[in-house]
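# Examining the three-dimensional arrangement
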Amino acid sequence: MLKPLTDKQTKPNIKPSIYSLELHELESWLTDIREPKFRGKQIFEWLYKKRVSSFEEMTNLPLGLREKLEKDYYIKPLKEVIRQESSDGTIKFLFELQDGYSIETVLMRHEYGNSICVTTQVGCRLGCTFCASTLGGLKRNLLAGEIVAQVLQVQRALDETDERVSSIVVMGIGEPFDNYDGLMSFLKIVNHDLGLNIGARHITISTSGVVPYIYKFADEGMQINFAISLHAANTETRSRLMPVNRMYPLNELMDAIRYYIKKTGRRVTFEYGLFGKVNDSVESANELADLISDIKCHVNLIPVNYVPERDYVRTPKAQIFKFLETLTSRGINATIRREQGHDIDAACGQLRAKERKEETR
Ligand code: SAH
């Protein structure tokens, strides 16, 4: 069973990040210290348009204000520890945080633009039995600003070639809904036109199915794309793959998803990892089609990424196509996820698990 997060996990003892502040929060901090509100927009411009990495560079602010910012907020870029480049253009970054923990961020290149996969937590407590991100459990939530900083850091790398981060997937290490407040601030900052100005429709979040937050998220009324890691269409298999299903079983999850669709009018994406001999038979495909036949959705089939610490095997190609055909013949909209960065440990948590053994044991 999931226990509430501890204070240590939700309120790390580190300097607050300037990138955690939404514009109205920055403005109220300014008001509190008796500075004019318009400085907020100026600071946002330095942070997100000019992308400076120190308060010192904010030359149109009075020195006193720059000193106050310096005293209260952390602005330094994430420290790049490793940069792995794949032959297909995918780049995986291992970044180090203020307190020495490490996280992963991935840049993927598509015909339609550059997309970035961000991390929301240092580790994860959900214990999915196929996933490298949960090895070693949850250390702590990221500050909203530490999620924003990942996008900024990759954007800085793209600035060199005059390119832009055009879409974001929140599918890195961690369960985004376990860091709900951080996630919401992050979304608002990257979406804000004075922030990184990335359109809601170009942002996707993925959850393992933390039911209460699906309702909460539905009520936010955001136009963000929403994905659910389903991985099994019967509750026994799902519990075996994803212990979170014991707390929020499949039927409750499906109810929450129906609520989300009704409330937002949007379709959802189901991620379905194909794990050899576990959930990849034609029978499983039919079971999946039965489960979601009345749901406005798209299914993303993910061939399992081999994780050395986990012993799932890959589904043979022919079987993957059979699975896909079964779904399609039942009228379900489905595709096989294109794999990128295969040669660089680009699946969630793999690089961190390899490079930071002490954090992930
Ligand atoms: N915690 C969230 C966000 C992570 S998204 C969630 O569960 O949705 C990362 C996606 O990759 C999830 O669908 C996850 O289940 C999947 N995944 C993790 N390890 C994998 C592996 N070894 N092979 C294939 N997919 C994997």
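Residues numbered from 1 in each chain as written. Predicted model: local features only at pLDDT ≥ 70, side-chain atom pairs only at ≥ 80, totals over all residues. Heavy atoms only, no water.

The next subject is the nonpolar core. Counting residues in each nonpolar core, the largest one holds 104 residues, and the members touching the most others are Ile168 and Phe270. Excluding anything up to four places from it in sequence, Phe270 contacts Ile228, Leu230, Met254, Ile257, Ile292, Ile295, Cys297, His298, Val299 and Asn300. Counting 6 residues, the second-largest nonpolar core is a separate cluster that includes Val106, Met108, Met171 and Ala227. (Core = buried A, V, L, I, M, F, W, Y, C linked by side-chain atoms within 4.5 Å. Buried < 20%, exposed > 50% of the residue type's maximum accessible area, 1.4 Å probe, protein only. Contact = heavy atoms within 4.5 Å.)

The next subject is helix 4 (residues 63–72). Among all positions of helix 4, only Leu65, Arg66 and Leu69 are buried. The arc that holds every buried residue of helix 4, seen down its axis, measures 100 degrees, which confines them to one face. Exposed and facing more than 90 degrees away from the buried side of helix 4 are Leu63, Glu67 and Lys71. (Helix = DSSP H or I, 4+ residues; strand = E, 2+ residues; numbered from the N terminus. Arc of directions from axis to C-beta.)

Sites flagged by UniProt as "domain: Radical SAM core" (unreviewed entry) map to residues 110–343. Between the C-alpha atoms that bound residues 110–343 the distance is 17 Å, and the span itself is 38% helix and 20% strand. (UniProt positions renumbered as here; feature names shortened; annotations may be inferred.)

Attention shifts here to the sheet that holds strand 7 (residues 165–170). With mixed pairing, the 10 strands of this open sheet are ordered in space as 1-2-3-4-7-8-9-10-11-12. The sheet terminates laterally at strand 1 (79–85) and strand 12 (334–336), the two strands that pair on one side only. Each strand of the sheet is rotated relative to its neighbour by a mean of 20 degrees, with strand direction disregarded. Summarising the sheet, strand 10 (residues 268–274) and strand 11 (residues 297–303) pair through 7 bridges and their orientation is parallel. (Pairing = 2+ DSSP bridges. Axes fitted to C-alpha atoms, helices over the stretch in contact; angles between N-to-C directions.)

In the structure shown here, the tally under the stated rule is 16 aromatic pairs. With 5.7 Å between their ring centres and 50 degrees between their planes, Phe177 and Phe217 make a pair best called tilted. With Phe177 in the loop between strand 7 and helix 6 (180–191) and Phe217 in helix 7 (residues 211–220), the pair connects residues that are 40 residues apart, well separated along the chain. Overall, Phe177 belongs to the buried group, its relative accessible area being 0%. Note on Phe217: relative accessible area 1%, which makes it buried. Relative to Tyr259, the ring of Tyr215 lies with its centre 5.0 Å away and its plane at 45 degrees, an arrangement referred to as tilted. Placement of the pair is Tyr215 in helix 7 and Tyr259 in helix 10 (residues 250–264), with a sequence separation of 44 residues. When its relative accessible area of 30% is taken as the criterion, Tyr215 is described as partly exposed. The ring of Trp46 has Lys50 lying over it, and the distance from NZ or CZ to the ring centre is 4.0 Å. (Phe/Tyr/Trp six-rings, centres within 6.5 Å; stacked < 30°, edge-to-face > 60°. Lys NZ or Arg CZ within 6 Å of the ring centre and 35° of its normal.)

Before going further, it helps to examine the UniProt feature "binding site: S-adenosyl-L-methionine" (unreviewed entry) in the protein. When the UniProt feature table is mapped onto this chain, "binding site: S-adenosyl-L-methionine" (unreviewed entry) is found at Gly174, Glu175, Ser206, Ser229, Leu230, His231 and Asn305. With respect to the helices and strands, Leu230 occurs in the loop between strand 9 (225–229) and helix 8 (235–241). For Leu230, a relative accessible area of 0% gives the class buried. Residue contacts for Leu230: discarding those within four places in its chain leaves Arg238, Met242, Leu250, Leu253, Met254, Phe270, Glu271, Leu288 and Leu291. Secondary-structure assignment places His231 in the loop between strand 9 and helix 8.

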